[in-house]
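# Descriptive analysis of the structure
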Amino acid sequence: MVTREMNPGFRIARRHGILKCFSNNQLHFHRNLPMTTTDRLFLTVDQAVDAIQRDLEQYPIQWHLVASLVPIVFGDGAYVTGYPTKGTIWLKTPDQKTPILVDDKQIRQRIIHRLKAAPPTSAKLSEICTRVFQTSAIAAQQGALSGVSIETGMDRFDCLQCGRCCRSLDYRDGCSLEDYRRWQRLGRTDILRWVGVINECGQAVACRIWMVPGTNRFADACPWLKRGDRPDRYVCTIHDVRPSICRQYPGSRKHARLTGCMGV
Ligand code: SF4
Ligand code: SF4
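Residues numbered from 1 in each chain as written. Chains lettered and ligands numbered in written order. Predicted model: local features only at pLDDT ≥ 70, side-chain atom pairs only at ≥ 80, totals over all residues.

Lining the immediate surroundings of ligand 2 are Cys166, Tyr171, Cys222, Trp224, Leu225, Cys236, Ile238, Arg242, Pro243 and Cys246. Class assignment for the residues of the shell around ligand 2 results in 9 nonpolar, no polar and 1 charged. (Near = placed C-beta within 6 Å. Nonpolar A, V, L, I, M, F, W, Y, C, P; charged D, E, K, R; others polar.)

Spelled out as structure tokens, the structure:
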């Protein structure tokens, strides 16, 4: 099952408050946020490389992307050719006399290894991020930190309330302890009944959703998803206190596109 989880590099940025997230004030299913400017996030060089790695690992091989990254990452004259669907990829870099045979996993590993071994300048990183995240990325500075500022495009995102993400993406491990404690603070025993808590030495260490109350079985569907006022629309009946993984979806236009979200 495709995970609903956003690129973890982006998630880290959100958790540390680096992401400035705004949206218009229409009623959204997943996003109901105040008015407006551009939804951007700042990533340090290390965070950006981590986000690139997660992106390349998260989705099946993105051949056109990989082919366009190779000359930027390895330098002029580097290229890939071959048949990626058959696992036959030839990689030529300036420091090799002849192309070498790699598979789709190895080519991604080599790109990441190169980016970690020789971190790119902010300018080059912005070019890479523009391609990887299919959006505008510019070199940026935050205090003493160099990095990139990435536009997520989510300020213009409109959820169609189709409910697809709630029905087809995997969120079972997406419930955080913060979610769990928030529901405890709010006295939401109705929600807590559906949460499986993993304890170690009497301490809650992880949660899973949504478990049929009184069983060890996952519910077939999210119990909080209901039909809306139109047959093709759905609503989340715990919208205001929904888990953070639901709150954060989709994290970017690319995340939406590659996980089947039809929002516009
Ligand atoms: S799949 Fe996209 S458009 Fe549909 S409900 Fe989820 S966020 Fe909204
Ligand atoms: S809690 Fe709400 S947003 Fe999350 S999967 Fe269920 S219905 Fe969808």
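Having put the structure on the table, let's press on.
Pairing between the strands of a sheet is mediated by backbone hydrogen bonds and can be parallel or antiparallel. Within the open sheet, the 3 strands sit side by side as E3-E4-E5. Their pairing is antiparallel. Looking at strand neighbours, the two that pair on one side only are strand E3 (79-83) and strand E5 (100-102), the edges of this open sheet. Here the average twist between neighbouring strands, direction ignored, is 30°. As paired elements, E3 and strand E4 (residues 88-92) share 5 bridges and run antiparallel to each other. Pairing of Thr81 across the sheet is with Trp90, part of E4. (Pairing = 2+ DSSP bridges. Helix = DSSP H or I, 4+ residues; strand = E, 2+ residues; numbered from the N terminus. Axes fitted to C-alpha atoms, helices over the stretch in contact; angles between N-to-C directions.)

We now examine the pairing of strand E7 (residues 145-151). Of the pairings in the sheet, the one linking strand E2 (residues 40-44) to E7 comprises 5 bridges and is antiparallel in character. Pairing of Phe42 across the sheet is with Ser149, part of E7. Across 6 bridges, strand E6 (residues 137-142) lies against E7 in antiparallel orientation. Bridge assignment links Ile138 to a residue of E7, and that residue is Ser149. Between the end of E6 and the start of E7, which pair antiparallel, lie 2 residues, with Gly143 showing a positive phi angle near 60°.

These figures come from the coordinates and say nothing about function on their own.
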